[in-house]
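Geometric and topological summary
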Amino acid sequence: SIPRDFLVFNERGNYRKINAVYSQAKSAGKNQEEAIKELTDTLTTITGIPIDHYAQIDFDGFVTMVDTLGGVEVDVTEAIDDPYYPGPNYSYQRFTIQPGVQVLDGSTALKYARSRYTSKGGDLDRSRRQQQILTNVRKKIFELNPILDAPKIVSLLSTAQSSLTTDLTLGDMRRLYDTYKDSQDYSMQSLVIGENLLTGNIKEGYRQFGANRGYILEPRIGEQNYLEIQEEIMNIDNQEQYQNTLN
């Protein structure tokens with residue numbers, strides 16, 4: 001995961017945060033595929049990893065998917081009391097959750113994945129929670145029995161058709177499922193870029209965005225220099241050893 005406040009540059013040398021790349025491309029008149037390509041090209045520049053496909057699900061679809069699966073189990077590592085969680089019509093609503101292993105329904109899982117203002121690690125903690133949710137949702141999907149869980153599978157496919165935007169065909173999805181359904185044969189590694197802001201490869205800063213001064217994160221060794229980030233990704237299987245080299 002790359003933090004939403006990570007500073008990136010377009011082909012004209014103008015800076016913006018990475019969470020603005022897609023929306024600015026759409027505002028400039030680019031279509032869905034063109035806007036996605038601008039975002040994936042930016043991600044490839046940072047990570048050094050080519051991105052072959054994309055999938056985008058809306059909030060309602062995420063909630064429905066988790067509920068269809070019977071909820072998702074997570075180990076909540078710290079209490080969250082967030083009075084600034086986005087509510088309807090630009091309002092706020094309080095979101096609270098206590099530590100411990102628990103099964104979250106779709107609505108709670110969405111809040112758990114999106115809350116960021118009151119966590120000690122801010123957006124970095126949110127990224128970790130999102131990875132936790134995705135890992136456990138993936139596990140539940142691959143545990144589905146094609147016969148006994150047929151109604152759930154049909155419901156998930158219906159949700160995908162209405163809420164999922166992707167360049168994967170149904171045939172592509174089936175091939176991916178067939179390849180990775182025996183998930184015990186594979187391991188999935190997750191990484192939050194810049195996990196340690198004190199010793200890691202990104203640092204905090206501020207830039208001017210129009211009339212406002214905004215918080216940003218950028219490579220510690222210099223803007224647009226992504227070599228350390230790519231090195232960290234290449235060491236994803238040896239994160240503890242890699243992090244020790246930074247201390």
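Structure's up top.
Now for a look at the structure at hand.

Cut-offs applied
- Residues numbered from 1 in each chain as written.
- Predicted model: local features only at pLDDT ≥ 70, side-chain atom pairs only at ≥ 80, totals over all residues.
- Heavy atoms only, no water.
- Helix = DSSP H or I, 4+ residues; strand = E, 2+ residues; numbered from the N terminus.
- Contact = heavy atoms within 4.5 Å.
- Buried < 20%, exposed > 50% of the residue type's maximum accessible area, 1.4 Å probe, protein only.
- Arc of directions from axis to C-beta.
- Phe/Tyr/Trp six-rings, centres within 6.5 Å; stacked < 30°, edge-to-face > 60°.
- Lys NZ or Arg CZ within 6 Å of the ring centre and 35° of its normal.

Moving on, we get to the environment of aspartate 149. Its place among the elements puts aspartate 149 in the loop between helix H5 (123-142) and helix H6 (150-163). Between the C-alpha atoms of aspartate 149 and serine 115, which are 34 residues apart in sequence, the distance is 32 Å. Residues in contact with aspartate 149, not counting those within four places in the same chain, are Glu143 and Leu144.

We now examine helix H4 (residues 106-114). Those residues of H4 not exposed but buried are Gly106, Ala109, Leu110, Tyr112 and Ala113. End-on, the buried residues of H4 take up no more than an arc of 165°, which puts them together on one face. The secondary structure elements touched by the buried residues of H4 are helix H3 (59-68), strand E4 (72-76), strand E5 (80-86), strand E6 (92-97), strand E7 (100-104) and H5.

Here we take up helix H8 (residues 227-234). Buried within H8 are the following residues: Ile229, Glu232 and Ile233. Viewed end-on, H8 has its buried residues packed into an arc of 100°, placing them on one side of the element. Exposed residues lying more than 90 degrees from the buried face of H8 are Leu227 and Met234.

Taken as a whole and assessed by the stated rule, the structure comprises seven aromatic pairs. For the pair phenylalanine 6 and tyrosine 226, a centre-to-centre distance of 6.2 Å together with 40° between the ring planes defines the contact as tilted. Note that phenylalanine 6 is positioned in the segment before strand E1 (7-9) and tyrosine 226 in the loop between strand E10 (212-219) and H8, a separation of 220 residues in sequence. The interplanar angle of 75° and the centroid separation of 5.9 Å between the aromatic rings of tyrosine 206 and tyrosine 215 together place this pair among those described as edge-to-face. The exposure class assigned to tyrosine 215 is partly exposed, which follows from its relative accessible area of 27%. Taken together, the ring pairs in this structure connect Phe9, Tyr15 and Phe209 into an aromatic cluster. The cationic tip of arginine 129 hangs over the ring face of tyrosine 112; the distance from NZ or CZ to the ring centre is 5.5 Å.

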